[in-house]
Amino acid sequence: MKKVMLEARELTKYFDVPGGKLHAVDKVNFQIHEGETLGLVGESGCGKSTTGRLLLRLLEPTSGDVIFDGVNITKLSQREFRKYRTQMQIVFQDPYASLNPRMSVAEIIEEPLLINKIYNNAADRAKRVKELMDTVGLAPRLLNVYPHELDGGRRQRIGIARALALKPRFIVQDEPVSALDVSIQAQILNLMDDLQDEFQLTYMFISHDLSVVKHVSDRIIVMYLGVIVEMAESQELFERRLHPYTKALLSALPVPSVDIETEPIILKGEITSPINPKNACRFAGRCAYRQDLCDQQQPELRELHPGHWVACHFAENLVQTEDIVVGGSLSHPDSTVTKPSQVIEEEPVTEVEQAKSEESNISK
Amino acid sequence: MTKKPLLEIKNLHVHYITNEGTVQAINDLNLELYPGETLGLVGETGAGKTTTALAMMRLVPNPPGKIVSGEVLYKGKNLVEMKEADLRKIRGNQISMIFQDPMTSLNPIMTVGDQIREGIMLHQKVDKATATKRAMDMLEVVGIPMERYDEYPHQFSGGMKQRVVIAISLSCNPEILIADEPTTALDVTIQAQVLQLMENLKVEFDTSMLMITHDLGVVAKVCDHVAIMYAGTVIEHAQKHKLYRTPKHPYTIGLFESIPNVHETTERLKPIIGLMPDPTDLPTGCTFHPRCPHAMDICKVEFPEVTHLSDEHWVRCHLYPADKEVE
Ligand SMILES: Nc1ncnc2c1ncn2[C@@H]1O[C@H](COP(=O)(O)OP(=O)(O)OP(=O)(O)O)[C@@H](O)[C@H]1O
Ligand SMILES: Nc1ncnc2c1ncn2[C@@H]1O[C@H](COP(=O)(O)OP(=O)(O)OP(=O)(O)O)[C@@H](O)[C@H]1O
Ligand code: SF4
Ligand SMILES: [Mg+2]
Ligand SMILES: [Mg+2]
């Protein structure tokens, strides 16, 4: 068994908004193992960044706990928490907004060293700043440049250098490459991979780009409206996706080729509001497999196969989708799935057509 | 084929004058946007995509930016020389832009619903009640429950703000829509919906679109033509199928090789070697030559001219000498 470094227990964050209580993160449970990369994917607004911030106590949870190295850090006073803070860092989602525009590159990277009083003389600090810039591939001539003068890739390198400054053990990567083009993205992903090996880092990698998440993650969590709907090893998730939302997600992945026809499952129907949600499956409004039970009870996250967790009442009955691309041509994802209460072996074509016409009824 | 572009950029040069030197952001850039078509503009960060978009609306911040030379022809009229008052009529009405940073276009002290409604009332000439209804529908279309109409931008996540901006832009029914990384912050299911929405707009109103993105998957899905940019110039411009099946420029080929492939497990990605050149000190000749696996002597001294390889496919690279059939 791998050693658990970090654990979220019933971790919850509600925000007060005009309409009521917004359930941004709702009683999530998961573990992060020492040295692994845990991917976190899901719709925009589903609570990924909030989850990341809760883990680092950049936000105080409404309820629930975060256990780091066996210590419940949510219960610690700010003073007691200080020694953990340096071990956990974040690279922010938005390289445009997360860097102070009035500080030079050197000042930004130096700041955490200053705040945490790591070195007591300026020369040592300057040396460490240069070393960090070298580690992340920033040229020394950029020392006194301001972030707005730099492109997104270099700005993201600043964010990474800053996160590394305190020699953390755990880093939340909140969409670190989303704003970057593919070539620089590949360089940054390789860089993060090297840093992970070199400094034995553990990552939580947040992204909505499934091909990137698959490339970097050992395990993946799929979130939907504040809850975990599926969690599995990376390869397993792609081969055997169990939750209807995950199925839609993988089908909608744009493929960089003009010779592979993809047909995304366009999700229709009503989107559940995260404000005061009722006790029901949060995906029910858009789910093609919904039954009455889905509207009456929120499904629990349960382990359907070893290490493969899913929160859907009917997960075992949904027929498996094949891997997205079969020999260069793409089969319609719908053609291999059917309504849970129906038996596909008998008349798949009719069932599928029925499912489709029901789906279009929903949208009307 | 004698299709005429609706908007055409010819030999554009844009500089930013800074204390550290002159940033040559756009260098001899050519671009053609055809009526009713979507052009994907793809390139490395810092390549000058946003600057190109801003130049198309003559919105390059001045200072420090300056359109040094070149033309932006919209229906034959050169926007670079147009009077500010005439230009203002075109912006927002005929040409609308979705900015990369959603907060550029959102008012922090107005509810998101009201901001969409305002746009609708301005461009669709309907009364307040109808506009409110349409604004609620637009929210749902971009995947936000209408109950959230009365919330303010800071209560929304990054991707949700971006969707609000998209809703506003789409409500204006522009003739040309410039979208700067519109779906970068969105997850794929919402992205699929938004792209579908843009597709509908294209069909219904014959809108032409410039889609700035680094996602070659999105380009494959929605674009008709693709322009690949490097260091301030378009180095390859082609009809989509030609570009994906027979990319010609070494940079374009490198781009395709650096994408992680979901269908196979790769230990290590293959990025193009080296970094983007310093825009204040661009390499001589072909600006890609220090990173190019095929660089020849001529590449170090001579900036390559446009070579038309075939109909709707041109490239700037010395591997393809001008006016010759290459295959
Ligand atoms: N300070 C806040 N006040 C009120 N609501 C908030 C606040 N911060 C976040 N939320 C809400 O919490 C939910 C989760 O937001 P979060 O930023 O975690 O989403 P996300 O998954 O990171 O989205 P994205 O992919 O767009 O970054 C959203 O509905 C958002 O509107
Ligand atoms: N206001 C400015 N002052 C100085 N330089 C600038 C300014 N705006 C842009 N630049 C520089 O001009 C070049 C082109 O920038 P631009 O923003 O157009 O690139 P981009 O292709 O949109 O990049 P990204 O993918 O990161 O958005 C870059 O080198 C950038 O640093
Ligand atoms: S012109 Fe030369 S250096 Fe530039 S891409 Fe072509 S072969 Fe490479
Ligand atoms: Mg986020
Ligand atoms: Mg840009």
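Just so it is clear, the structure is predicted and the values come from calculations on it, not from any experiment.

Conventions used here
Residues numbered from 1 in each chain as written. Chains lettered and ligands numbered in written order. Predicted model: local features only at pLDDT ≥ 70, side-chain atom pairs only at ≥ 80, totals over all residues. Heavy atoms only, no water. Helix = DSSP H or I, 4+ residues; strand = E, 2+ residues; numbered from the N terminus. Buried < 20%, exposed > 50% of the residue type's maximum accessible area, 1.4 Å probe, protein only. Contact = heavy atoms within 4.5 Å. Pairing = 2+ DSSP bridges. Axes fitted to C-alpha atoms, helices over the stretch in contact; angles between N-to-C directions. Near = heavy atom within 4 Å. Nonpolar A, V, L, I, M, F, W, Y, C, P; charged D, E, K, R; others polar. Salt bridge = Lys/Arg side-chain N within 4 Å of Asp/Glu carboxyl O. Buried area = accessible area lost by both parts, 1.4 Å probe. Parallel < 35°, antiparallel > 145°, perpendicular 65-115°, else oblique. Left-handed = near helix turned anticlockwise from the far one by under 90°. Phe/Tyr/Trp six-rings, centres within 6.5 Å; stacked < 30°, edge-to-face > 60°. Lys NZ or Arg CZ within 6 Å of the ring centre and 35° of its normal. pLDDT = per-residue confidence, 0-100. Domains from an automatic or database assignment. Polar contact = N/O pair within 3.5 Å; in protein donor to acceptor, adjacent residues only side chain to side chain.

To continue, consider the overall build of chain A. Within chain A, the secondary structure is distributed over eleven helices and 14 strands. Per-residue burial for chain A yields a buried fraction of 58% across its 364 residues. Relative to all contacts within chain A whose residues are 6 or more apart in sequence, the contacts with residues 24 or more apart total 62%.

With that out of the way, let us pick up the sheet that holds strand E3 (residues 37–42) of chain A. Residues and elements named next belong to chain A. With respect to topology, eight strands assemble into an open sheet ordered E6-E7-E8-E3-E9-E10-E12-E11, the strand pairing being mixed. Edge positions in the open sheet fall to strand E6 (88–91) and strand E11 (302–305), since each of these has one partner strand only. Taking each pair of neighbouring strands and ignoring which way they run, the sheet shows an average axis angle of 25°. Taken together, the four bridges between E6 and strand E7 (residues 170–174) define a ladder with parallel strand orientation. Across the sheet, the residue bridging to Gln 89 is Ile 171, located in E7.

Let's shift gears to unusual backbone geometry. With an omega of -10°, the peptide bond between Asn 62 of chain B and Pro 63 of chain B qualifies as cis. Secondary-structure assignment places Pro 63 of chain B in the loop between helix H1 (49–56) and strand E4 (65–74). Residues Pro 63 of chain B and Pro 64 of chain B are joined by a peptide bond in cis, for which omega reads 5°. Locating Pro 64 of chain B in the fold gives a position in the loop between H1 and E4. The phi angle at Arg 57 of chain A is positive, at roughly 60°, despite the residue not being glycine. Along the chain, the position of Arg 57 of chain A falls in the loop between helix H1 (48–55) and strand E4 (63–68). If you check the backbone angles, Asp 28 of chain B has positive phi at about 55° while not being a glycine.

Attention shifts here to the site of ligand 3. Taken together, the neighbourhood of ligand 3 is formed by His 249, Pro 250, Cys 286, Phe 288, His 289, Cys 292, His 294, Ala 295, Cys 299, Cys 317, His 318 and Leu 319 of chain B. Partitioning the shell around ligand 3 into residue classes produces eight nonpolar, four polar and no charged.

All right, on to the pattern of salt bridges then. Across all of its chains, the model carries 32 salt bridges over all chains by this definition. One salt bridge connects Arg 240 of chain A with Glu 236 of chain A, and the closest N-O pair in it is separated by 2.9 Å. Note that Arg 117 of chain B is salt-bridged to Asp 114 of chain B, the shortest N-O span being 3.4 Å. Of the two residues, Arg 117 of chain B and Asp 114 of chain B are both situated in helix H3 (residues 112–124); the distance of three residues between them amounts to about one turn of the helix. What makes Arg 117 of chain B buried here is its relative accessible area of 15%.

With 62 residues of chain B in contact, the opposing surface of chain A contributes 61 residues. A buried area of about 4,900 Å², summed over both sides, lies between chain B and chain A, and 59% of it is on carbon and sulfur atoms. Put simply, chain B and chain A have four salt bridges between them. Close ionic contact of Asp 194 of chain A with Arg 268 of chain B constitutes a salt bridge, the shortest N to O distance being 3.2 Å.

What follows deals with the packing of helix H5 (residues 152–164) of chain A against helix H6 (residues 182–199) of chain A. All names here are of chain A. Running from N to C, H5 and H6 point in directions that differ by 15°, and their axes come no closer than 11 Å. In terms of orientation, H5 lies roughly parallel with respect to H6. Crossing of H5 against H6: the hand is right-handed. In this structure, H5 contributes Gly 153, Arg 157, Ile 160 and Leu 164 to the contact, and H6 contributes Ile 184, Gln 187, Ile 188, Leu 191, Met 192 and Leu 195. Within the contact of H5 with H6, the residues separate by chemical class into seven nonpolar, two polar and one charged.

This part is about the packing of aromatic side chains. In this description, an aromatic ring pair is defined by two values, namely the gap between the centres and the angle between the planes. Under the counting rule described, the total for this entry stands at eight aromatic pairs over all chains. On the numbers, 5.4 Å between centres and 70° between planes, the contact of Tyr 251 of chain B with Phe 288 of chain B is edge-to-face. Placement of Tyr 251 of chain B in helix H9 (residues 250–257) and of Phe 288 of chain B in the loop between H9 and helix H10 (297–301) is noted, with a sequence separation of 37 residues between them. By relative accessible area, which is 0% here, Tyr 251 of chain B ends up buried. One aromatic cluster in this structure is built from Tyr 224, Tyr 245 and Phe 283 of chain A. If you follow Arg 57 of chain A out to its NZ or CZ, it ends over the ring of Phe 81 of chain A, 4.9 Å from the centre. The residue whose ring lies beneath Lys 214 of chain A is Phe 238 of chain A, and the NZ or CZ to ring-centre distance is 5.2 Å.

A word on the confidence of the model for chain A. For chain A, the mean per-residue pLDDT works out to 84, and 85% of the residues sit at or above 70. The low-confidence segment residues 321–364 of chain A, where pLDDT is below 50, has 66 contacts with residues more than four positions distant or belonging to other chains.

This part is about the sheet that holds strand E1 (residues 4–17) of chain A. Sheet strands pair via backbone hydrogen bonds, and the direction of the pair is either parallel or antiparallel. Residue and element names in this part refer to chain A. Across the sheet, which stays open at both edges, the four strands sit in the order E2-E1-E4-E5 with antiparallel pairing between neighbours. Looking along the sheet, the strands with just one partner apiece sit at the ends: strand E2 (20–33) and strand E5 (71–72). Where E4 meets E5, two bridges bridge the pair, whose relative direction is antiparallel. Among the inter-strand pairings, Phe 68 is bridged to a residue of E5, identified as Val 71.

Residue and element names in this part refer to chain A. By domain assignment, chain A separates into domain 1 (4–221) and domain 2 (239–360). Contact with domain 1, which involves twelve residues of that partner, is made by ten residues of domain 2. Of the roughly 920 Å² buried at the junction of domain 1 and domain 2 (both faces included), carbon and sulfur atoms supply 58%. Summed over the three residues of domain 1 that lose the most area to domain 2, namely His 23, Glu 43 and Leu 210, the buried surface amounts to 49% of that side. Taking the shortest distance from any N to any O, the salt bridge between Arg 286 and Glu 43 comes out at 2.9 Å. Counting across the domain 1 and domain 2 interface gives five residue pairs in polar contact (both at pLDDT 80 or more). Those elements giving two or more residues to the side of domain 1 that touches domain 2 turn out to be E2, E3 and helix H7 (210–216). Per-element accounting of the side of domain 1 that touches domain 2 gives the leading share, five residues, to E2. Here the side of domain 1 that touches domain 2 is built from residues that sort into four nonpolar, five polar and three charged.

The next thing to look at is the environment of Asp 26 of chain A. All names here are of chain A. Here Asp 26 is to be found in strand E2. Separated by 36 residues in the primary sequence, Asp 26 and Thr 62 have C-alpha atoms spaced 9.5 Å apart. Each residue touching Asp 26, except ones within four places of it in the same chain, is listed here: Leu 11, Thr 12, Tyr 14, Gly 226, Val 227 and Arg 282. Of note is the side chain of Asp 26, whose polar atom sits 2.5 Å from the side chain of Arg 282.

Time to look at the side chain of Gln 185 of chain A. Along the chain, the position of Gln 185 of chain A falls in helix H6. Apart from residues lying up to four places away in sequence, Gln 185 of chain A is in contact with Val 177, Leu 180 and Val 212 of chain A together with Pro 260 of chain B.

Residue and element names in this part refer to chain B. Contact pair H3 / helix H5 (residues 158–171): the axes reach a minimum separation of 8 Å and the direction vectors enclose 15°. Between H3 and H5, the interaxial angle falls into the category roughly parallel. Like other packed secondary-structure pairs, H3 and H5 cross with a definite hand, here right-handed. The segment H3 lies against H5, with Val 112, Gln 115, Ile 116, Ile 120, His 123 and Gln 124 engaging Val 164, Ala 167, Ile 168 and Ser 171. A breakdown of the residues in the contact of H3 with H5 according to their chemical character gives six nonpolar, four polar and no charged.

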